[in-house]
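Understanding the architecture of this molecule
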Amino acid sequence: MKVRNRIVLMLAILMVIIPIIIYATKSFPVADDFGNSGFVRDQMVGGSYFLTACKLTVDSYFRIGGYYFAAFMNYFFSPFLRMGITGVRIFNPIIHLVFFLSAFLLVWAFSKCIIKVDIEASLALYFAFIASIVNDRVNSEVYSWYVVMVAYVLPISVMMLADALLIYSFSKKNKLFIVSAVLTFLVSGSSLNITALNCGLLLLAVFYCFSVNEYKIEFATVFVAAFIGALISVAAPGNYKRHDSGGSEYYIIGALKSSILHSLEQIFGLFTRSPMLIFVIVVFVLLLLKTDYSWAQKLKFNHPVLAAVVAIAGVVIVNYPVYLGAGDTAERCEYVQDIAIYVLTFLLLCYVVGYIKMNNPGITISHEGLAILTVAVLLYGVTLLNAHGGSASFATPYMVKSIVTGEFTKYVDYNEGIIKELENSRGKDVIIYNPEFIGNPYMKDMNIRPNDQAYTNHTIARYYGLKSLRLYEE
């Protein structure tokens, strides 16, 4: 039975991961990929990508923003500039593999070292996490757009790896926390919402350690490293120059209000319009039936409502830098926000289960209760699918269907044709014709616009040496 369960869970995990890898292997450059590649090419220092990345990172720090780690990786890797479309199609799948591996290591570390559940439960928790982040929201930016993947997906991956190493260091009493400290310092040099998430989770870890009087110095060291990185990032002159270019005032209270309202709206939306509630119920049952709370004997689970408030506040804090700086959220920011929601919801569930077990020792769920709960969850899932346009409204079934039917190939071929036309049109005025709408909700388009003075049009034209570029519009 256990072997069969493991096989089923591993197949379910692969069903989520493989379509994303296939999508990434058919990536093509879009939007800012052209501008950044042209910028690196024009600023190249002695043919060295490393020296060029160092120079441009320093320039970005003083001119654009404090994301020193994300900027360096963006400039240094530059797969499109190095190897053309092939480079993008090699690099992007690697980022996804790093993400899924890092997520697995974090779930595995927490499962085996903290809550001490079996392999099947660990795999189920991992599946719940990756299935949620993939299927709970339509997002065209994080699956194949290099600039977003290197600046958001990769730092999140490094953060999860750092947290996994910290847990192993805590459990095995080794020196892995030093590596974790270095990685969390680097992660804080990303966009400020990732920086907030990085520091916030470590602050919770420090609070836990002080509560149980264990390994204070190790956890505090990692938090301090992340916090120093955050201070360096926040202090960047580029943050303020970039903000001032759009207006000189900072709406501190207004940004907080917007962040609170947006966070509450998004949490409610995930629970009511996505499969998240199903995964929450599954995780809750797993924790209730499988977890060993001997690790938490020194903790008092007396304040579940306060814990819920802390979880919501954590999401607000992650969203706050976005509203303070830009005044609105993009899909990549929603991705970071959702990571925060899932992680904090899981920690909240751990706390709530601790509260239940503390007040009801030996509590369990009967076979009849599990059967009723299973039927209820299945009925809810069917209702959810029907209410939101069927299975194709969610990423995994949509990706699988598009690959099987050839719609995905059609979309990729269309964009490859545009790129080939651009490559062969140096010195010309280029008009892109799109007689029928060809799109994919999980792959960002090239962002070519009817106005030949639009930013993306200009950067693409400059990269390929075109006179002008525009999209034909009837």
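The structure under discussion appears in the preceding block.
The following paragraphs examine the structure supplied in this document. (Residues numbered from 1 in each chain as written. Predicted model: local features only at pLDDT ≥ 70, side-chain atom pairs only at ≥ 80, totals over all residues. Heavy atoms only, no water.)

Along its length, the protein chain carries 20 helices and 2 strands. Relative to its full complement of 474 residues, the protein chain shows a buried share of 51%. Contacts in the protein chain between residues at least 24 apart in sequence constitute 78% of all its contacts with a sequence separation of at least 6. Carbon and sulfur atoms provide 66% of the accessible area of the protein chain, an area that totals close to 22,100 Å². (Helix = DSSP H or I, 4+ residues; strand = E, 2+ residues; numbered from the N terminus. Buried < 20%, exposed > 50% of the residue type's maximum accessible area, 1.4 Å probe, protein only. Contact = heavy atoms within 4.5 Å. Areas by Shrake-Rupley, 256 points an atom, 1.4 Å probe, with all protein chains shown as cover.)

Right, let's get into the packing of aromatic side chains. Pairs of aromatic rings are described using the distance from one ring centre to the other and the angle between the two planes. Under the definition given, this model contains 26 aromatic pairs. The ring centre of Tyr-463 lies 4.5 Å from the NZ or CZ of Arg-41, which sits over that ring. (Phe/Tyr/Trp six-rings, centres within 6.5 Å; stacked < 30°, edge-to-face > 60°. Lys NZ or Arg CZ within 6 Å of the ring centre and 35° of its normal.)

In contact at an axis separation of 9 Å, helix 4 (residues 68-77) and helix 8 (residues 146-172) are set at 125° when each is read in the N-to-C sense. Considered as vectors, helix 4 and helix 8 are oriented oblique to each other. Our pair here, helix 4 against helix 8, has a crossing hand that is right-handed. Only Tyr-146, Val-150, Ala-151, Leu-154, Pro-155 and Val-158 of helix 8 make contact with helix 4, whose side of the interface consists of Phe-69, Ala-70, Met-73, Asn-74 and Phe-77. Taken together, the residues of the contact of helix 4 with helix 8 sort by class into 10 nonpolar, 1 polar and no charged. (Axes fitted to C-alpha atoms, helices over the stretch in contact; angles between N-to-C directions. Parallel < 35°, antiparallel > 145°, perpendicular 65-115°, else oblique. Left-handed = near helix turned anticlockwise from the far one by under 90°. Nonpolar A, V, L, I, M, F, W, Y, C, P; charged D, E, K, R; others polar.)

This part is about a nonpolar patch on the surface. Taken together, Val-3, Ile-7, Met-10, Leu-11, Leu-14, Ile-18 and Ile-22 make up a surface patch of nonpolar side chains, about 620 Å² in accessible area. With respect to the helices, strands and loops of the structure, Leu-11 is situated in helix 1 (residues 2-25). Residue classification places Leu-11 among the exposed residues on the basis of a relative accessible area of 53%. (Patch = residues over 30% accessible without salt bridge, like charges linked within 9 Å, V, L, I, M, F, W, Y side chains within 5 Å. Salt bridge = Lys/Arg side-chain N within 4 Å of Asp/Glu carboxyl O.)

With respect to the element layout, Val-400 can be found in helix 18 (residues 395-405). Accessibility expressed as a relative area gives 29% for Val-400, which makes it partly exposed. Apart from residues no more than four positions distant in its own chain, Val-400 is found in contact with Met-15 and Pro-19.

Looking now at the pairing of strand 1 (residues 429-432). Successive side chains on a regular strand alternate, one facing one side of the sheet and the next facing the other. Across the two faces of strand 1 the burial differs, with Val-430 and Ile-432 buried and Asp-429 and Ile-431 not buried at all. Looking at chain direction, strand 1 and strand 2 (residues 468-471) are connected through 4 bridges and run parallel. Bridge pairing in strand 2 links Asp-429 to Ser-468. (Pairing = 2+ DSSP bridges.)

Before going further, it helps to examine the pattern of salt bridges. Considering all chains together, one arrives at 8 salt bridges under this definition. A salt bridge links Arg-41 to Asp-42; the shortest N-O distance between them is 3.8 Å. For Arg-41, a relative accessible area of 35% puts it in the partly exposed group. The partner of Asp-42 in a salt bridge is Arg-462, with the nearest N and O atoms 3.3 Å apart. Taken together, the residues Asp-42 in helix 2 (residues 32-42) and Arg-462 in helix 20 (residues 455-464) connect sequence positions 420 residues apart.

What follows deals with the side chain of Ser-102. Its place among the elements puts Ser-102 in helix 6 (residues 85-115). Judged by relative accessible area, which is 5%, Ser-102 ranks as buried. Setting aside residues no more than four positions away along its own chain, Ser-102 makes contact with Ser-157, Met-160 and Leu-161.

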